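For reference, the chains in residue letters:
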Amino acid sequence: MKIKKFKICIVGTGYVGLVSGTCFAEIGHNVICVDNNKEKIKMLQMGSSPIYEPGLEKMILKNKRAGKLSFTTDIAQAVKKSDIVFIAVHTPTKENGETNLQYVENVSKEVAKAMDKYKVIVSKSTMPVKTGQRIKEIIAKFCPRNITFDIVSNPEFLKEGTAIKDFLEPDRIVIGIENKKAEAIMRNLYEPIKAPIIFTDIESAEIIKHACNAFLATKISFINAIANICEKNNANVQEVAMAMGLDKRIGPDFLKAGIGFGGSCFPKDVSAFINVAKKSGYDFNLLKEVKKINKKQREIFLDKIIKNVPDIKGKSIAIWGLSFKPDTDDMREAPSVDIINGLIAKGAIIKSFDPVAIEKAKVIFKDKIIYCEGAKEALKDCDALIILTEWEHFKKIKLEEIKKLMKFPIIFDGRNIFSPQKMIKAGFNYYSIGRKT
Ligand code: UGA
């Protein structure tokens, strides 16, 4: 079957925009990615990715060379050349939990002014319910009078670290539409991707995205609460989670206990959804508790370290992992930030290592901590090791080697990457999450 090719413009080259744009080019469409950050666009024009995402840079280069993917700061030109315009700019949360829609609104205005024929305007970033209507009002107000358009909500579900696979092989595609014309266009656009497409009204599509992230965050806080109960009763949270997950109604994913969720999505979206609920006249206490448990989980871990490393002031502490999860250099809302700041406040000397996040960590910690070039270098003569991100690389380092390098063999494993039995046998004082020590 011949695939219909579209001319697409994606405004915003963050994770969602850049990965979506590159993947749309990969499946055959012609894509222009737009950003007002000149440095970023320059980097992309030269074929390098401003974010670390496995496989992305290679895919950018390939599609750029094939003439299917280009980058510009000129939004008006990009919009004019396109049939479909995606809005993928960031939607940060304000202090009061409300979503800051300033970027979405500005972009909508600029898109509207550049409209020269019928286009479909699609919101791709996570946006609170009713943002689609707001975009529609702005476009209608600022676009030339004789031009028609449709708005669509098409939330993205990709995860950092596995973003390309998540985009190209999604569990489902959610599309909120207002009429059959937009439905047909969106169906054709996604034709090469083999996944069920769920068409809904725009408001439902917007709520689906928030509900998914809020539910996943709830699963994580739930298992972290269970981990705390396990710890107090000499039980093992991994065994509990495994058995829970085998119940098909619960499922095994997102039941890994640890030091809580971070990143640019869950913390922001949980707060935003609490706010959406409040504005709708509903007090979402359950989600407020999810947030509290998440914050507390970092504090509990920090207390455990402080309690078990006597006289921590002046002690040398090795940190493995800084990014909020493996396979990304993203430090946004990373648990490592609170935990390391807590240790610094107690006077500990921090020797950190992360396979890719060091540069981004330097912006946050500056010269308050030491940055090492390897995991073993960080361990040399340290008084304790703290694992904050479960990079595969750490799991492969031999226990004897770890022990030999450390001054004292104490490990605080915030991600449960080792087996407690093995660690005790190897002579470590090993503390993990929700398991016997
Ligand atoms: C999340 C969602 O999983 C995506 O579906 C969504 O598209 C994305 O947000 C978004 O809204 O853009 P992401 O933030 O990349 O993706 O990362 P996740 O893999 O979901 O992990 C989030 C956090 O939860 C990490 O800090 C991770 O360590 C933690 N986590 C995850 C746990 O503590 N336990 C688990 O079992 C799973």
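Residues numbered from 1 in each chain as written. Predicted model: local features only at pLDDT ≥ 70, side-chain atom pairs only at ≥ 80, totals over all residues. Heavy atoms only, no water.

## Points about helix H13 (residues 335-345)
One turn of an α-helix holds 3.6 residues; hence residues three or four places apart share an orientation. To be explicit about the condition: Between buried and exposed lies partly exposed: a residue is buried under 20% and exposed over 50% of the maximum accessible area for its type, with that area taken using a 1.4 Å probe on protein chains only. For helices the rule is a DSSP run of H or I covering at least 4 residues; for strands it is a run of E covering at least 2, with both sets numbered from the N terminus onward. The criterion used for residue contact is that any of the two residues' heavy atoms lie within 4.5 Å.
For H13, every residue scored as buried is listed here: Pro335, Ser336, Val337, Ile339, Ile340, Gly342 and Leu343. Against the buried residues of H13 lie helix H12 (285-308), strand S9 (316-320), strand S10 (349-353), helix H14 (358-365) and strand S12 (384-387). Where H13 ends, the next residue or the one after it, Gly347, has phi of about 90°, a positive value.

## Details of the pairing of strand S6 (residues 149-153)
Counted only if it meets this: Only strands joined by at least two bridges in the DSSP assignment are considered to pair. The handedness of a crossover follows from its direction of travel: if, with the strands pointing away from the viewer, the path from the first strand over the helix to the second runs clockwise, the crossover is right-handed.
A large share of S6 lies buried, amounting to five of its five residues. Burial along S6 is two-sided: Phe149, Ile151 and Ser153 facing one way and Asp150 and Val152 facing the other are all buried. Alignment of strand S5 (residues 119-123) against S6, held across five bridges, turns out to be parallel. Following the sheet pairing, Lys119 is matched in S6 by Phe149. For the segment spanning S5, helix H6 (residues 131-142) and S6, crossover handedness is right-handed.

## Brief notes about the side chain of Glu390
With respect to the helices, strands and loops of the structure, Glu390 is situated in the loop between S12 and helix H16 (392-395). Using a relative accessible area of 16% as the deciding quantity, one classes Glu390 as buried. For Glu390, the residues in contact, after removing those within four places along its chain, are Lys256, Pro326, Lys395, Arg415 and Ile417.

## Some points on the packing of helix H1 (residues 15-26) against helix H3 (residues 56-65)
Formally: The axes used here are C-alpha line fits, helices contributing only the stretch in contact, and every angle between their N-to-C directions lies in the interval 0 to 180 degrees. Working rule for angles: under 35 degrees goes down as roughly parallel, over 145 as roughly antiparallel, 65 to 115 as roughly perpendicular, anything else as oblique. Crossings are classed by handedness, with left-handed meaning an anticlockwise turn of the near helix from the far one by less than a right angle and right-handed meaning a clockwise turn.
The contact between H1 and H3 brings their axes to 10 Å, and the two run at 50°. For the element pair H1 / H3, the angle class is oblique. Crossing of H1 against H3: the hand is left-handed. For the pair formed by H1 and H3, the contact residues are Leu18, Val19, Thr22, Cys23, Ala25 and Glu26 on the first element and Leu56, Met59, Ile60, Lys62 and Asn63 on the second.

## Here's the deal with the pattern of salt bridges
Put simply, the test is: In the sections that follow, a salt bridge refers to a side-chain nitrogen of Lys or Arg positioned within 4 Å of a carboxyl oxygen of Asp or Glu.
In total, this model carries 30 salt bridges according to the counting rule given. A salt bridge links Glu401 to Lys376; its shortest N-O distance comes to 2.9 Å. Of the two residues, Glu401 sits in helix H17 (residues 399-405) while Lys376 sits in helix H15 (residues 375-379), which places them 25 residues apart along the sequence. Glu401 gets classed as partly exposed once you look at its relative accessible area, which sits at 30%. The residue Glu390 makes a salt bridge to Arg415 at a minimum N-O spacing of 3.5 Å. One end of the pair, Glu390, is in the loop between S12 and H16; the other, Arg415, is in the loop between strand S13 (410-413) and helix H18 (420-425), and 25 residues separate them in sequence. The exposure classification of Glu390 matches that of Arg415, with both residues buried. When salt bridges with common partners are traced through the structure, they connect Glu105, Arg134 and Glu137 into a single cluster.

## Examining the sheet that holds S9
Strands sit in the order S11-S10-S9-S12-S13-S14 across an open sheet of six strands; the sheet is parallel. Both edges of this open sheet fall to strand S11 (370-371) and strand S14 (429-431), since each of them pairs with a single strand only. Sheet topology places S9 next to S10; five bridges connect them, and they run parallel. By the bridge assignment, Ser316 is partnered in S10 with Ile349.

## Some thoughts on the nonpolar core
Applicable threshold: We call a set of buried residues a nonpolar core when its members are Ala, Val, Leu, Ile, Met, Phe, Trp, Tyr or Cys and they connect through side-chain atoms within 4.5 Å of each other.
Core analysis: the biggest nonpolar cluster contains 41 residues, and Phe24, Phe86, Met186, Leu189 and Tyr190 have the highest contact counts within it. Ranked by residues supplied to this core, first place goes to H1 with six residues. Aside from chain neighbours lying at most four places away, what touches Met186 is Phe86, Val120, Val122, Val152, Asn154, Ile175 and Phe199. With 39 residues, the next largest nonpolar core counts Ile223, Ala241, Ile305 and Leu322 among its residues.

## Things to note about the packing of aromatic side chains
Put simply, the rule is: Between rings of Phe, Tyr and Trp, where Trp is taken as its six-membered ring, a pair exists when centres lie within 6.5 Å; planes separated by under 30 degrees are stacked, by over 60 edge-to-face, and by other angles tilted. Think of it as a cone above the ring: NZ of Lys or CZ of Arg counts as a charge over the ring if it is within 6 Å of the ring centre and within 35 degrees of the ring normal.
According to the stated counting rule, one finds 11 aromatic pairs in the structure shown. Residues Phe353 and Phe394 carry aromatic rings whose centres are separated by 6.3 Å and whose planes lie at 70° to one another, so their mutual orientation is edge-to-face. One end of the pair, Phe353, is in strand S10; the other, Phe394, is in helix H16, with 41 residues separating them in the sequence. Judged by its relative accessible area of 7%, Phe353 is buried. Three or more aromatic residues link up through ring pairs in this structure, and these residues are Phe24, Phe86, Phe167 and Tyr190. Against the face of Phe6 rests Lys4, its NZ or CZ located 4.8 Å from the ring centre. Stacked on the ring of Tyr118, the Lys or Arg Lys181 has its end atom at 3.5 Å from the ring centre.

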